[in-house]
Amino acid sequence: MSRKVLFSAVVAATATLAASMNASAIGRIADVTVIDRTTGETLPVHFYKGEYWVAGKPGAKYSVSVANASGGRILAVMSVDGVNVLNGQTASFDQSGYVFNGYQRYEVTGWRKSNQEVAAFEFVPSPASYAARTGRPANVGVIGVALFNERVYQPPVTVTPPYTPYRYGPLGSAKGEAARESAADTAAPPPAPAPASAAANSASGEMAKRADARPEMREKLGTGHGEREWSQVSHTNFERAQSSPNETIRIRYDSFENLVSMGVIREPHRPWQRTPNPFPESLGYVPDPPRHWR
C-alpha cells in the first residue's frame, strides 16, 4: 500500500481521557457502550446466541461512547441501523469516521449535521426511524463500530533466508522427478466431509418448531432523527494500517418487552411482587366474634 491519506476529511472527536473500563463495555481495541442520556445510565449488555443486546426505552435519547484502550490513534467508522452516522450514506467499512487519540473517550450523541451540530439519537418505533424514513428499513435495530489502527512507518529490515539443503536433485533429472512423484503418492488425501446425522437433522427441526412457536413481538425499536444539538468537532487526516477493520463491534437493540419475549432477557424475580389472589378474604369457616364487645 502506498503512503497516502485514505480520507482527507475524517472527523476528529474532541475527546477526553478514558474512564475506567466498564462491565457493560464491548471491544478489545476500544470500549464501546450505549448510554441512556435521559438517566445517564450505561445500558446493560446481554449476550444471547452469539450477539450483544441492549434494551432501549422508547422516547429516550442515547449516545454511543467509544473509549480508546490503546496508546495509538484509532479510527472508528460508526453506523446506526445500517447508516453511517457522519454522512447518512448506507454504511460500509471504507467511509469516514471519528478519530481518537490514545486513551481518549468521546460520546457520539447523534447524526452529524455539521462541524458544530448533530441531530440527536433517540429510540423510536421502527417506522419512525431515520433509516426507515429514508427507505432503508432492512437493518433497523443495530449499532456498528468498525475500528482501524493507524499505519505506522518503520525502516525496512533485510532478512537473509536460511540455507536449505537440495533434496531431490536438479529439476527435470530422473532422480529429482522420481523423488517428487514418490512424495506426491504418499501424501494423504483430504478427508471427505461427513454426512449430516439424523440426530442433527432432528435437532434442526426442533429449533425451527421452537422459532415458529415464539410469541408475537411488539413493534421493534429504531433510531430517530431527533432535535438539533451542539457538538463541536474538527477535521484531520488518518491512514489506516489495513483496508479491513482490526475489530468490528456489533450491538443490537430493542425494547425491554421485546427482548424478554425473545428470551434475550429473563425477567428477574421481584420478591415484593406477590401473585394476586382472586379471593383475598377467603379464610375458610366462619370465625368466632371478638371477645370484648359493647
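Report follows, based on the coordinates. This is a predicted model, so every value here is computed, not measured.

### Digging into the nonpolar core
Then, number 1: Counting 36 residues, the largest nonpolar core has Tyr62, Met78, Val85, Tyr98, Ile143, Leu147 and Ile251 as the members making the most contacts within it.
Then, number 2: Elements supplying a minimum of two residues to this core: β3 (30-36), β7 (62-68), β8 (74-80), β10 (98-100), β11 (104-108), β13 (117-125), β14 (142-149) and β17 (247-255).
Then, number 3: In terms of residue count, the dominant contributor to this core is β8 (4 residues).
Then, number 4: Beyond its immediate stretch of four places on either side in the chain, isoleucine 251 contacts Ile26, Val32, Val34, Tyr52, Val54, Gly141, Val142 and Ile143.

### Focus: the environment of serine 129
Then, number 1: Within the secondary structure, serine 129 sits in the loop between β13 and α1 (130-133).
Then, number 2: By relative accessible area, which is 0% here, serine 129 ends up buried.
Then, number 3: Separated by 95 residues in sequence, serine 129 and glycine 224 have C-alpha atoms that sit 4.3 Å apart.
Then, number 4: Setting aside residues up to four positions removed in sequence, serine 129 forms contacts with Asp81, Val124, Val140, Gly222, Thr223 and Gly224.

### Concerning the pairing of β3
Then, number 1: Of all 7 residues making up β3, 7 are buried, and the element is well covered by its neighbours.
Then, number 2: Here β3 pairs with strand β4 (residues 41-42) via 2 bridges, running antiparallel. Looking at the pairing, aspartate 36 lines up with glutamate 41 of β4.
Then, number 3: Hairpin remark: β3 followed by β4, antiparallel, with 4 residues in the connecting loop; positive phi at glycine 40, about 80 degrees.

### Examining the sheet that holds β13
Then, number 1: Taken in spatial order, the 3 strands make up an open sheet running β12-β13-β15, and their pairing is antiparallel. Where the open sheet ends on each side, the last strands, each with one partner, are β12 (110-112) and β15 (221-230). Adjacent strand axes in the sheet meet at a mean angle of 35 degrees, parallel and antiparallel pairs treated alike.

### Here we look at the packing of aromatic side chains
Then, number 1: Under the defined criterion, the tally for this structure stands at 8 aromatic pairs.
Then, number 2: For the pair tyrosine 98 and tyrosine 106, a centre-to-centre distance of 5.7 Å together with 40 degrees between the ring planes defines the contact as tilted. The two residues tyrosine 98 and tyrosine 106 agree in class, both being buried.
Then, number 3: Seen in terms of ring centroids, phenylalanine 123 and tyrosine 253 are 5.4 Å apart; in terms of plane orientation they differ by 55 degrees. Their pairing is tilted. One end of the pair, phenylalanine 123, is in strand β13; the other, tyrosine 253, is in strand β17, with 130 residues separating them in the sequence.

The rules behind the values
Every chain is numbered independently, its residues counted from 1 as its sequence is written. pLDDT decides what is reported in this predicted model: residues at 70 or higher carry local features, side-chain atom pairs at 80 or more are listed and counted, and totals for whole chains, interfaces and linings draw on all residues regardless. The basis for every side-chain value is the complete set of heavy atoms in the structure, and neither hydrogens nor water enter the calculation. Nonpolar core, defined: a set of buried Ala, Val, Leu, Ile, Met, Phe, Trp, Tyr and Cys residues in which side-chain atoms within 4.5 Å join the residues together. Three exposure classes are used, based on accessible area relative to the maximum for each residue type with a 1.4 Å probe and protein chains only: buried under 20%, partly exposed in between, and exposed over 50%. Strands are runs of DSSP state E lasting at least two residues, helices are runs of H or I lasting at least four, and both sets are numbered from the N terminus onward. Note on contacts: a residue pair qualifies if any of its non-hydrogen atoms lie within 4.5 Å across the two residues. Two strands qualify as a pair provided that DSSP identifies no fewer than 2 bridges between them. Comment: axis = line fitted to C-alpha atoms, over the contacting stretch for helices; angle = value between 0 and 180 degrees taken between N-to-C directions. Stacked, edge-to-face and tilted labels apply to pairs of Phe, Tyr and Trp rings (six-membered ring for Trp) whose centres lie within 6.5 Å, assigned for plane angles under 30 degrees, over 60, and everything in between, in that order.

Read these as geometric descriptors, not functional statements.
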